Amino acid sequence: MSLEVSHLRFSYGKITALDDVSFKLGQGAVGLLGPNGAGKSTLLRILLGFLAPERGEGTVLGYDIRRDQALIRRAVGYMPEDDCFVAGMDAVTFTAYFGELSGMPRQEAMKRAHEVLFYVGLEESRYRLLDTYSAGMKQRLKMAQALVHDPKLLFLDEPTSNLDPQGRKEVLELIEDIASHKDIQVLLSSHILDDIEALCSSVVILNKGRLAAEGRLEDLRSIDYSLYELRVKEGEAKVFRRELESLDCRVDETEDGLIKVYMPAGMERMEIFRAATRAGVQIRYFIKSKTSLEDLFAQVVGVD
Amino acid sequence: MDVIRARGYHHWDGRLESRRFPWWPVTRTGIRLAFRKKWFKLFFAGGFLPPVVALGFIYASERLGDFSSLLRGNAKLITIDPKFFMSFLTNDGLLFMIVMVLVFAGAGLIADDLKHNSLQVYFSRPLGKKDYLLGKMAVVFFFVLVLTFVPAVFLFVFKLVFAGSFKFFLDYPWLLLSIAGYSGLLTVFFAFYTLLLSALSKDGRYVMILIFMAYFFSQVLSAILRNVFRTPYMVLFSVRENLKQVGALLFGQKPPHGVPVVWSFLVLAAVCGLSTWVLNRKIRAAEVIR
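Residues numbered from 1 in each chain as written. Chains lettered and ligands numbered in written order. Predicted model: local features only at pLDDT ≥ 70, side-chain atom pairs only at ≥ 80, totals over all residues. Heavy atoms only, no water.

Things to note about helix α1 (residues 40-47) of chain A
Residue and element names in this part refer to chain A. This is how the line gets drawn: Only protein chains enter the accessibility calculation, which uses a 1.4 Å probe. A residue is then buried if its area is under 20% of the maximum for its type, exposed if over 50%, and partly exposed in between. By the criteria applied, helices consist of DSSP H or I runs no shorter than four residues and strands consist of E runs no shorter than two, each listed in order from the N terminus.
Where burial is concerned, most of α1 is hidden: seven out of the eight residues are buried. Those residues of α1 not exposed but buried are K40, T42, L43, L44, R45, I46 and L47. After α1 finishes, the residue G49 shows a positive phi value of roughly 85°.

Structure below.
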């Protein structure tokens, strides 16, 4: 297990940032999700050894998060969200520099810098000053510096932010290649749910400092609730919605009149039809839907 | 992207090691980056002008007969003694060159990292805040020592070589310690001074002006206050005069102003203390992940 935390708690003064958070990282890419203030950054700070938790324990690649902070930072790669570079450097020098700071011998770091810059697609511009790089190139550069010391675990913080569609597609393909073929575990923190859905087999969802959901996406999609999509005659949705909500169903309606019904665990779908009968509405379309990550996120976090 | 896949990613088969001096790559990089600046090279080269002139004086002092027509009875002007070395290390020209070197080599040390968010990449490595700051300070150490300690020691050695005896060394056996002590003081003070100002802004150009102005404005302010209040204690507002005061003490000379040297020392120490406080507040590893 590359990463395991149990009962983590951390507060900034009176504000509790993390409370009783426990999870284990499975194989492949894992998504870290949560609204602003959910505790994602605090969790990353603890996992990188910048903060010591008040309570709880954890290991990253077998290193204790309280004792072995420097060892953790040597072994993991971190790609920050913000653009970051050292002014006046070119990509090779920059990447080799951070390889060296990770503990690589200087010559090895330089050789390796060329390799990873080729891998992320910056071979043509590796001697160009970083000040002149585009947003997409800076994103690849951040990936290169995170990979240069060959980490076993990679923390990626919003890796596709500020990218055009083509740049985003290329970075996603790169991450997918790393996670699925290169024997590198990836923890991906992103607000773009489509990215997480495309890349990750598992997710960790935080909300208000607590673990809202965790596990394989396939399992999470099915265990807690079922999602049905249906349509009723125009003008009948309101009364039907009230009837469903009285059964503890969460109901969302799209602009084109599609009604999404999230049924709690243990409730039979026939209850929907019984509710329709009671409300006197006619169901004209009914299908069991596969819940998207967006649906799951909205359900566990309680936001649309 | 298929092209990227085809090139592949190869695992590195080496072993990551703990460094005895984890700050050293930071220092080496800071020095290399400074030499990429045209104006820096100009002022750095200019910083060797005072030692070249001093070397000329030392040579002339040993060849008084050859230069008698030039000196015309002013041989005292080139008496080589501890005061000569003090004058070399505290002269306005050298201090100006040091400040200008720091304007170009030191302004961006922290300001650029703040501007370009690179702290988060530094601290995601096994590099502590102390290592980071020590690495940055060592860049200033290097340049100031190269402009002060190294030439002063060379001048000392050349004095012995030109004299052809160890008499000068035997007369002033403590002089090398004074040179080391004063160069060390300049180095430490300018390191804290530069990093303090570099951490105050994300704009490197603004910091360049700050480094230059803080040094010279302190002199102007001190001169104005001395004229207004008619008290020598106003020299405490001048960075340069405080350095000269402490320098005089270290070289066993009379301080240039009628102010106890301990006050000047305390002013310099206060700047270092302020710098430590500011750096501690500005550079926080835990806050680099937002």
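Next comes the rest of the write-up.
What about the sheet that holds strand β10 (residues 210-216) of chain A?
All names here are of chain A. Applicable threshold: Any two strands between which DSSP finds at least two bridges are classified as paired. Angles run from 0 to 180 degrees between N-to-C directions of axes, and those axes are lines fitted to C-alpha atoms, restricted for helices to the stretch in contact. Two residues qualify as a contact provided that any one of their heavy atoms is within 4.5 Å of a heavy atom in the partner residue.
Taken in spatial order, the six strands line up as β6-β7-β8-β3-β9-β10 in an open sheet, and their pairing is mixed. In this open sheet, the two strands that pair with only one neighbour each are β6 (76-79) and β10. Going from strand to strand, the sheet's axes swing by 15° on average, the running direction of each strand aside. Summarising the sheet, β6 and strand β7 (residues 153-157) pair through four bridges and their orientation is parallel. Bridging across to β7, G77 finds its partner in L154. Across the sheet, α1 lies against β3 (29-33), β7, β8 (185-189) and β9 (202-207), angled at about 130° from β3, the strand it touches most.

Section: the interface of chain A and chain B
Heads up, the condition is: Here the quantity called buried area is the accessible surface, traced with a 1.4 Å probe, that two parts lose on coming together, added over both. Put simply, a salt bridge is a Lys or Arg side-chain nitrogen that is within 4 Å of an Asp or Glu carboxyl oxygen.
Tallying the contact residues gives 54 residues for chain A and 40 residues for chain B. Of the roughly 4600 Å² buried between chain A and chain B, counting both surfaces, carbon and sulfur atoms make up 55%. In terms of surface lost to chain B, no three residues of chain A exceed A:F50, A:R74 and A:L101, which account for 14% of the buried area on that side. B:R19 is paired through a salt bridge with A:E100; the nearest N and O atoms lie 3.9 Å apart. At the level of secondary structure, the elements contributing two or more residues to the side of chain A that touches chain B comprise α1, α2 (69-75), α3 (91-101), α4 (106-119), α5 (135-147) and α6 (165-181) of chain A.

Concerning the pairing of strand β4 (residues 55-60) of chain A
Looking along a regular strand, one sees side chains alternate from face to face of the sheet. The pairing of strand β1 (residues 3-12) of chain A with β4(A) spans five bridges and is classified as antiparallel. Across the sheet, A:E4 pairs through a bridge with A:T59, a residue of β4(A).

Regarding α5(A)
Formally: Between the first and last residue of a helix there are one fewer steps than residues, each counted as 1.5 Å, and that sum is the expected span.
The first and last C-alpha atoms of α5(A) sit 19 Å apart over 13 residues, in line with the 18 Å expected at 1.5 Å per residue. Turning to α5(A), its buried residues number three or more, namely A:M137, A:K138, A:Q139, A:R140, A:L141, A:K142, A:M143, A:A144, A:Q145, A:A146 and A:L147.

Overview of the confidence of the model for chain B
Residues and elements named next belong to chain B. Worth spelling out the cut-off: The quantity called pLDDT is the predictor's confidence in a given residue, expressed from 0 to 100.
For chain B, the average pLDDT comes to 90, and 91% of its residues sit at 70 or higher. Mean pLDDT values for the elements of chain B range from 52 in helix α1 (residues 2-7) up to 97 in helix α13 (residues 175-198). Scoring the predicted complex yields pTM 0.83 and, for the interface, ipTM 0.87.

Thoughts on the pairing of strand β12 (residues 250-253) of chain A
Residue and element names in this part refer to chain A. Bridge analysis of β12 against strand β13 (residues 259-264) gives four bridges, and the strand direction is antiparallel. Across the sheet, residue R250 finds its bridge partner in β13, namely Y262. Between β12 and β13, which pair antiparallel in sequence order, lie five residues; one of them, G257, sits at a positive phi of approximately 90°.

Some thoughts on the sheet that holds strand β2 (residues 15-24) of chain A
Residues and elements named next belong to chain A. Read across the sheet, four strands follow the order β2-β1-β4-β5 without closing on themselves; strand pairing throughout is antiparallel. Both outer strands of the open sheet, β2 and β5 (63-64), are each paired with one neighbouring strand and no more. Contacting β1, β2 and β4, α1 crosses the sheet at an angle of about 115° to β1.

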